[in-house]
Amino acid sequence: MGSLAMSLVVALSMFLIQTALAGNFYQDFGNIWGGDRAKIMNGGQLMTLSLDKASGSGFQSKTQYAYGKFDMQMKLVPGNSAGTVTTCYMSSLGSGSTHYEIDMEFLGNSTGQPYLLHTNIFTQGQGNREQQFYLWFDPTQDFHTYSILWNPHSIIFSVDGRPIRQFKNLESNGIPYVKGQPMWLFASLWDAEDWATRGGLVKTDWSQAPFTAGYRNFNSQACAWPGSCSSTSSAGGSSWFNQELDVTGQQLIKWAQSRYMVYNYCTDHKRFPQGVPPECAFN
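Report follows, based on the coordinates.

Procedures and definitions
- Residues numbered from 1 in each chain as written.
- Predicted model: local features only at pLDDT ≥ 70, side-chain atom pairs only at ≥ 80, totals over all residues.
- Heavy atoms only, no water.
- 1 Å grid on protein atoms, 1.4 Å probe; cavity = no way out; pocket = protein on both sides within 12 Å on 5 of 7 lines; lining within 4 Å.
- Points joined across faces, edges and corners; volume = space filled by probe spheres on them.
- Helix = DSSP H or I, 4+ residues; strand = E, 2+ residues; numbered from the N terminus.
- Phe/Tyr/Trp six-rings, centres within 6.5 Å; stacked < 30°, edge-to-face > 60°.
- Lys NZ or Arg CZ within 6 Å of the ring centre and 35° of its normal.
- Pairing = 2+ DSSP bridges.
- Axes fitted to C-alpha atoms, helices over the stretch in contact; angles between N-to-C directions.
- Disulfide = S-S within 2.5 Å.
- Buried < 20%, exposed > 50% of the residue type's maximum accessible area, 1.4 Å probe, protein only.

Turning our attention to empty space enclosed by the protein. In the structure shown here, the tally under the stated rule is two cavities of 30 Å³ or more. By volume, the second largest cavity is sized at about 40 Å³. As for the second largest cavity, its lining consists of Gln131, Arg165, Gln166, Phe167, Tyr265, Cys266 and Asn283. By residue number, the principal contributor to the lining of the second largest cavity is strand 12 (residues 162–168), which donates three residues.

The tally for this structure, following the rule as stated, stands at 17 aromatic pairs. An aromatic cluster of three or more residues is present, and its members are Phe25, Phe29, Phe59, Tyr215 and Phe218. If you follow Arg162 out to its NZ or CZ, it ends over the ring of Trp255, 4.1 Å from the centre.

Strand order in the open sheet formed by eight strands is 1-4-13-6-7-8-9-15, with antiparallel pairing between adjacent strands. Here the strands that pair on one side only, and so sit at the sheet edges, are strand 1 (29–33) and strand 15 (261–264). Along the sheet, successive strands turn relative to each other by an average axial angle of 15 degrees, direction set aside. Taken together, the three bridges between strand 1 and strand 4 (residues 57–61) define a ladder with antiparallel strand orientation. Within the sheet, the bridge partner assigned to Gly30 lies in strand 4 and is Gln60.

Take the state of the cysteines next. All chains considered together, the criterion is met by two disulfides. Linked covalently through their sulfurs, Cys223 and Cys229 form a disulfide whose S-S length is 2.1 Å. The sign of the 75 degrees torsion about the S-S bond sets the Cys223-Cys229 disulfide as right-handed. Judged by its relative accessible area of 2%, Cys223 falls in the buried class. Owing to a relative accessible area of 23%, Cys229 belongs among the partly exposed residues under this scheme. Here Cys266 engages in a disulfide with Cys280; their sulfurs sit 2.0 Å apart. Note on the Cys266 and Cys280 pair: the S-S dihedral is about -80 degrees, so by sign convention the disulfide is left-handed. A residue pair is termed long-range when its members are at least 10 positions apart, and Cys266 in the segment after strand 15 and Cys280 in the segment after strand 15 qualify at 14 residues. Among the cysteines of the chain that take part in disulfides, numbered as they appear in the sequence, the pairing is 1-2, 3-4.

Take a look at the structure:
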C-alpha cells in the first residue's frame, strides 16, 4: 500500500461517524405503509421492507428536522434486484418552490451486476443534481452505514463514514440551498422498472418476489422542528452542526469520485447545452 493510500486509511479512521446509541423503529418512525410488507423486529432494532407485484412498502420519521446528521444501516435486496429501488432520503413534502429533498436511492440490477447509488438534491422545487456511484462492496451481503450530514455549511453524503459527495451552501453566490423548510426522513422499497435499471431496459423479474431489504441502527444528531437550531441547541452535541470537509475529507471524495462515480450532472453538457448549473463551478 502506498504512502498516500495509507495516510487516507489512517485519516479515514479519524473521520468516521461518532458512535451513538441506535434508535428504535417503534419510537422514531410512523406512517408505515405497505401492510405486513413492512415489519419491525428485534424489539424495534430492525425494520424490513418488502416489495411484491401488488405493492412496495416504506416508513417515515415521526420528527421533522431543521438540520442534522443521519445514519442508517441498510442491507439491500440480494440476487436479481433489477427494477427495484431501495431508498433512504429526506423530504419536505412541499409543492412547487417549497419542495426540498436530499436523496439516496439504490437502483437494483441483474444478478452479479453492481448496485447504483443515485444521489440528488432539490432546492425550491428544482432537482436535476444527480450524481451516481457504484459501491466498492456487495451491499446485499451485510449491513453498511449510509449517512447524510445536512448543516448550514453543506450537505455531505457518506458511505461507511467515507464522504462521497458534497453540496456546498452557496447562497452568497445566488444559488439556493436546502434551508427554511423542515424535512422528514423516509425509507422505501418500490418498483421503478420503467427507469431504474439501464434506463428501463431491464425489467423486474416478479418470479423473484418478494424482494426484501433491511434497515437497522438509525441514529440522528439533529435539530427537531419546531424549535431553534444552533450549535448550542442541537441534539447529540454540536460537532456536526459546524462540520466541514477538511483536506482529508476532500481527498476521500476525490478517491470515491475518481474510481466509482458513473454519472455527474456537472459534466453532462449534452443535457445542459446552455451551461451546467452554476454550483458546478464550486462543488
